[in-house]
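Report on the structure
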Amino acid sequence: MTPDTAHTAAAADHRTRPRLTGPALRLTVLIGEQDTWHHRPLYSEIVHRAHTAGLAGASVFRGIEGFGASSIVHTSRLLSLSEELPVAVVVVDTEERVRAFLPELAELVPDGLVTLDACEVVAPAAPAGTHEEGKRTS
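Sequence positions are assigned chain by chain, starting from 1 and proceeding in written order. Given that the model is predicted, a residue must reach a pLDDT of at least 70 before its local features are reported, and side-chain atom pairs must reach 80 or more before they are shown or counted; all residues, however, enter totals for whole chains, interfaces and linings. Processing note: side-chain calculations cover all non-hydrogen atoms of the structure and skip hydrogens and water entirely.

Points about the pattern of salt bridges
Any Lys or Arg side-chain nitrogen located within 4 Å of an Asp or Glu carboxyl oxygen qualifies as a salt bridge. Evaluation of the coordinates by the stated rule reveals eight salt bridges. Between R62 and E33 there is a salt bridge; the shortest N-O distance is 2.7 Å. Of this pair, R62 sits in strand 4 (residues 57–62) while E33 sits in the loop between strand 1 (22–32) and strand 2 (36–37); the two residues are 29 residues apart in sequence, bridging distant segments of the chain. Comment: elements are numbered from the N terminus, with helices defined as DSSP H or I runs of at least four residues and strands as E runs of at least two.

Some points on the sheet that holds strand 1
Only strands that DSSP links by at least two bridges are regarded as paired with each other. One open sheet accounts for four strands, arranged 4-7-1-8; its pairing is antiparallel. Looking at which strands have only one partner, the edges of the open sheet turn out to be strand 4 and strand 8 (113–121). Across the sheet, the axes of successive neighbouring strands diverge by a mean angle of 20 degrees, strand direction being ignored. We call two residues in contact when some of their heavy atoms are within 4.5 Å. Axis definition: a line fitted to C-alpha atoms, over the contacting stretch in the case of helices. Angles run 0 to 180 degrees between N-to-C directions. Of the strands in this sheet, strand 1, strand 4 and strand 7 (86–93) touch helix 2 (residues 42–52), which is tilted by about 5 degrees from strand 7. Helix 3 (residues 95–108) contacts strand 1, strand 7 and strand 8 of the sheet and is inclined by roughly 25 degrees relative to strand 1.

Remarks on the pairing of strand 7
Of all the eight residues making up strand 7, six are buried; the element is thus mostly covered by neighbouring parts of the structure. Sheet topology note: the strand 1/strand 7 ladder contains eight bridges and is antiparallel. Pairing of I31 across the sheet is with V87, part of strand 7. Both strand 4 and strand 7 contribute to a ladder of six bridges, which runs antiparallel. Bridge pairing in strand 7 links V60 to V89. Throughout this description, buried means an accessible area under 20% of the type-specific maximum (1.4 Å probe, protein chains only), exposed means over 50%, and partly exposed covers the range between.

A few points about the environment of R97
Inspection of the secondary structure puts R97 in helix 3. Residues R97 and G54 lie 43 residues apart in sequence; the distance between their C-alpha atoms is 8.6 Å.

Okay, structure coming up:
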């Protein structure tokens, strides 16, 4: 399977898979903004692998200040410009699917902090006057 075929297959799986609701597991990976995997940003590699694995969703959040194992505080404030700001990659799916992804993540993140939290995914209630696809009815 080529990367393009894998991407298409994952996209097709996502369209046919029902929207995630109910009990879930949130995976959070805390790494540095400059961390890389084979000359590619590590956060991007994690997101793309989660997508290829068919997980329900992943997002990357850039921190404005933080410290990790080095105990050096990195900040985005002008007086101490840092290129090593903290980044959080958050993935949410069923416990089974997230735990199946952990071995692949272990290969990518030898030094970051990885946490798992039980959570619940809720479907937002549709506003009055809309139907299930979110389009307003007349």
